[in-house]
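Observations on the three-dimensional arrangement
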Amino acid sequence: MARIKTAVSLYSLQDEYLNKRMNLEDLMTLLKDLKVEGVEMLPDQMIKNAPHPSQEEVDHWHALLDQTGVKPVIADVFLNSNLYNNRMLTKKECIDLLIQEIKQANRLGMKMIRLVSMVPYWVCEPLLPYCKEYDVTIALEIHAGMAFDGPETLAFIEEMKRLDSPYIGLVIDTGIFCSRFPRVVRAYEVNNGASPEMFDYLDSLFEKGTDLHRVVKENGGTYPDDFKQVIKTKEDHMFAPLCDGYENYPFSVMDEYMPYIKHFHIKMFEMTPEGPEYSMDYKGLLEYLHEHQYDGYVATEYEGNRFILPGEPMQEIQQVIANQQYLQACLKEIQG
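Since this is a predicted model, take the numbers as computed values, not measurements.

1. Brief notes about the pairing of strand β2 (residues 38–41)
- Burial of the side chains of β2 extends over both faces: Gly38 and Glu40 are buried on one face and Val39 and Met41 on the other.
- Where strand β1 (residues 4–9) and β2 come together, 3 bridges link them in parallel fashion. Bridge assignment links Ser9 to a residue of β2, and that residue is Glu40.
- In this structure, β2 lies alongside strand β3 (residues 71–77), joined through 4 bridges in parallel fashion. Along β3, the bridge assignment pairs Gly38 with Lys71.

2. Some points on the pairing of strand β5 (residues 137–142)
- Burial runs high along β5: 6 of the 6 residues are buried.
- After leaving strand β4 (residues 112–115), the chain enters helix α6 (residues 124–134) and then returns to the sheet as β5, a path that is right-handed.
- Direction of pairing for β5 relative to strand β6 (residues 168–173): parallel, over a ladder of 5 bridges. What sits directly across from Ala139, in β6, is Gly169.
- Following the chain from β5 across helix α7 (residues 151–163) to the adjacent parallel β6, one finds a crossover that is right-handed.

3. Things to note about the packing of aromatic side chains
- The tally for this structure, following the rule as stated, stands at 14 aromatic pairs.
- Measuring from ring centre to ring centre gives 6.2 Å for Phe148 and Tyr249, while their planes differ by 85°; the resulting arrangement is edge-to-face. Of this pair, Phe148 sits in the loop between β5 and α7 while Tyr249 sits in the loop between α12 (234–239) and β7 (261–268); the two residues are 101 residues apart in sequence, bridging distant segments of the chain. Just as Phe148 is buried, Tyr249 falls in that class too.
- Consider the rings of Phe177 and Phe251, whose centres lie 5.1 Å apart with planes at 75°: the pair is edge-to-face. Of the two residues, Phe177 sits in the loop between β6 and α8 (183–191) while Phe251 sits in the loop between α12 and β7, which places them 74 residues apart along the sequence. Across the pair, exposure class does not vary: Phe177 and Phe251 are buried alike.
- Ring pairing ties together the aromatic residues Phe181, Tyr188, Phe199, Phe206, Phe239, Tyr246, Phe269 and Phe307, which thus form one cluster.
- The ring centre of Tyr297 lies 5.3 Å from the NZ or CZ of Lys5, which sits over that ring.
- Seen from the ring of Phe78, Arg114 lies directly overhead, with NZ or CZ sitting 4.6 Å from the centre.

4. Quick notes on helix α4 (residues 55–68)
- Along its 14 residues, α4 runs 20 Å from first to last C-alpha, staying within 8% of the 20 Å computed at 1.5 Å per residue.
- Of all the residues in α4, the buried ones are Glu57, Val58, Trp61, Leu64, Leu65 and Thr68. Burial along α4 is one-sided: seen end-on, the buried residues are contained in an arc of 120°. Exposed side chains of α4 directed beyond 90 degrees from the buried face belong to Glu56, Asp66 and Gln67.
- Considering only its buried residues, α4 is in contact with α2 (24–33), β2, α3 (43–46), β3 and α5 (91–107).
- Positive phi shows up at Gly69, right after α4, with a value of about 75°.

5. Looking at the sheet that holds β5
- Strand order in the closed barrel made by the 8 strands is β1-β2-β3-β4-β5-β6-β7-β8, with parallel pairing throughout. Here the strands of the sheet are splayed against their neighbours by 30° on average, with no regard to which way each runs.
- Contacts from α7 reach β4, β5 and β6 within the one sheet, and its direction differs from that of β6 by about 140°.

6. Focus on the nonpolar core
- Ranked by size, the top nonpolar core spans 109 residues in total, and within it Met198, Met254 and Leu289 carry the most contacts.
- Setting aside anything within four residues of it in sequence, one finds Leu289 in contact with Ile4, Met254, Met258, Phe264, Tyr294 and Val298.
- Listed in part, the 8 residues of the second largest apolar core include Met112, Ala139, Val171 and Ala299.

7. Some remarks on the packing of α5 against α6
- Put simply, α5 and α6 touch, their axes get as near as 10 Å, and they point 10° apart. Our classification of the angle between α5 and α6 gives roughly parallel. For the pair α5 and α6, contact is made by Ile95, Leu98, Ile99, Ile102, Lys103 and Asn106 and by Pro126, Leu127, Tyr130, Cys131 and Tyr134, respectively.

8. Focus: the environment of Ala105
- With respect to the helices, strands and loops of the structure, Ala105 is situated in helix α5.
- When its relative accessible area of 1% is taken as the criterion, Ala105 is described as buried.
- Taking the C-alpha atoms as reference points, Ala105 and Asp135, 30 residues apart in sequence, are found 9.4 Å from one another.
- Those residues within four positions of Ala105 in sequence are excluded, and the remaining contacts are Met110, Ile113 and Val136.

Cut-off values and rules
Residues numbered from 1 in each chain as written. Predicted model: local features only at pLDDT ≥ 70, side-chain atom pairs only at ≥ 80, totals over all residues. Heavy atoms only, no water. Buried < 20%, exposed > 50% of the residue type's maximum accessible area, 1.4 Å probe, protein only. Helix = DSSP H or I, 4+ residues; strand = E, 2+ residues; numbered from the N terminus. Pairing = 2+ DSSP bridges. Right-handed = clockwise from strand over helix to strand, strands pointing away. Phe/Tyr/Trp six-rings, centres within 6.5 Å; stacked < 30°, edge-to-face > 60°. Lys NZ or Arg CZ within 6 Å of the ring centre and 35° of its normal. Expected span 1.5 Å × (residues − 1). Arc of directions from axis to C-beta. Contact = heavy atoms within 4.5 Å. Axes fitted to C-alpha atoms, helices over the stretch in contact; angles between N-to-C directions. Core = buried A, V, L, I, M, F, W, Y, C linked by side-chain atoms within 4.5 Å. Parallel < 35°, antiparallel > 145°, perpendicular 65-115°, else oblique.

Put into structure tokens, the structure is as follows:
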């Protein structure tokens, strides 16, 4: 029977980890206390010598899994094709790097690796024999600003459909389902010197059921005149190219892709005191997934940590707790 399960991406707690307020044991204990079923891991950040950890390091990870009862779900993978200053990696070098990631995922008990957006389609076929041998699925992240209409994404999807393998799929980042522009982003950028008028314009687009990404596309790939008029300060010019990274897709955009969707990032900018996230309708999404028999994990991915105002305390732990409590309450109501 299909069932939606909760997970947490440890990306959500990266400031706690980076600044040594929490170690890996602390992070996993938090997940256990929250009754989270699965974990999304960032091996590059949290596993020493990744993607070639020592056996001692691997054993330590598995001991944490045993102690907490949390299931290893997916490893975040970044293909650093610009590793060198003077050239891009060759196709063979890219594929070899991803083969190492597949082998590492297998050692860590992960059945899936998330390929960061823009990973080229041509990695899929050469990786398939290794995916089968090590029982690891590769899944491309569909991320706001690089979503279903991006040429690289479309090329990957076409190749995924051609190969038609259970070992190739998609990870959906719910940042593509913003119904409002995140107000923590607005507050942070205005504090840096951006114009409130620019964000008023963005808010007006969301109120109309659209977003800047769509408006720019409909305008032939250029900013419309009314948006240009609200770009005034140096900070406006710096942030404007990022404003189309908050998209307002309907859930129905996933209809044709549901057979290929392997995992979800529940992108989160700000859980409100009232309960829901400010920008996104998680309950509506979970209802959609339940109706479409999605059988997999939805993983908290807190990104509001990069928009904390100077002098304000980091909110990673509190936000992760609030997000998990809300998701679990929604799923109890929806799934029983």
